[in-house]
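Listed below, chain by chain, are the residues.
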Amino acid sequence: MQAPADAADRLRAFGLTYPEVALKSPWPGHADLAVRDKTFAYLSVAGEPFSLSCKLPFSAEQAREMPFVTPTGYGLGKSGWVTASWPEDIDDPMAMFRSWIDESYRAQAPKKLIALAPAFQP
């Protein structure tokens, strides 16, 4: 199953609902999610194959067991970052990907902002 064309955009929109989140474009062709300029999710852009990278301090080990997940490059995998492509064997992975964005936000955001963030609803 191929990723819906707007999957990354829908995840980006979800991430933008958290306190003080903005788009960050460190390189051309990027529209990543950052809280106070600290990136917590790297998302593919239109025209590129689906990709999501998040910092998962609690669930990275479990996530890396999935066949569509690898440790994030550039040494980030050592810090709990994982990169996922679109899974062929999961009918609707969006709830799982939203939970990863939530976990990554909470790993990167200041405690004051985490307290303001809504409880995650899958």
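In case you missed it, the structure is sitting above this.
Bear in mind the structure is a predicted one, so any value in this text is a computation, not a measurement. (Residues numbered from 1 in each chain as written. Predicted model: local features only at pLDDT ≥ 70, side-chain atom pairs only at ≥ 80, totals over all residues. Heavy atoms only, no water.)

Asker: It is not clear to me how the layout of surface pockets should be interpreted in this structure. Could you clarify?
Answerer: Regions of empty space are outlined by a rolling probe, equal in size to a water molecule, passed over the atoms. By volume, the largest pocket is sized at about 320 Å³. Along the walls of the largest pocket sit 14 residues, with Trp27, His30, Tyr42, Ser53 and Tyr74 positioned nearest its centre. Per-class residue counts for the lining of the largest pocket are 6 nonpolar, 8 polar and no charged. Here the second largest pocket is characterised by a volume of approximately 220 Å³. As for the second largest pocket, its lining consists of 15 residues, and the residues nearest its centre are Ala3, Pro4, Glu48, Pro49 and Phe50. Looking at the lining of the second largest pocket, its residues break down into 10 nonpolar, 3 polar and 2 charged. (1 Å grid on protein atoms, 1.4 Å probe; cavity = no way out; pocket = protein on both sides within 12 Å on 5 of 7 lines; lining within 4 Å. Points joined across faces, edges and corners; volume = space filled by probe spheres on them. Nonpolar A, V, L, I, M, F, W, Y, C, P; charged D, E, K, R; others polar.)

Asker: When you look at the nonpolar core in this model, what are you seeing that I'm missing?
Answerer: Nonpolar side chains in soluble globular proteins tend to be buried together. Core analysis: the biggest nonpolar cluster contains 31 residues, and Leu52, Phe97, Trp100, Ile101 and Tyr105 have the highest contact counts within it. Of all the elements in the fold, those that place two or more residues in this core are helix 1 (7–15), strand 2 (32–35), strand 3 (38–43), strand 4 (52–55), helix 2 (60–64), strand 6 (81–84) and helix 3 (94–108). The biggest single contributor to this core is helix 3, with 6 residues. For Trp100, the contacting residues outside a window of four places in its chain are Leu52, Cys54, Leu56, Ser59, Ala63, Met66, Phe68, Val69 and Ala84. (Core = buried A, V, L, I, M, F, W, Y, C linked by side-chain atoms within 4.5 Å. Buried < 20%, exposed > 50% of the residue type's maximum accessible area, 1.4 Å probe, protein only. Helix = DSSP H or I, 4+ residues; strand = E, 2+ residues; numbered from the N terminus. Contact = heavy atoms within 4.5 Å.)

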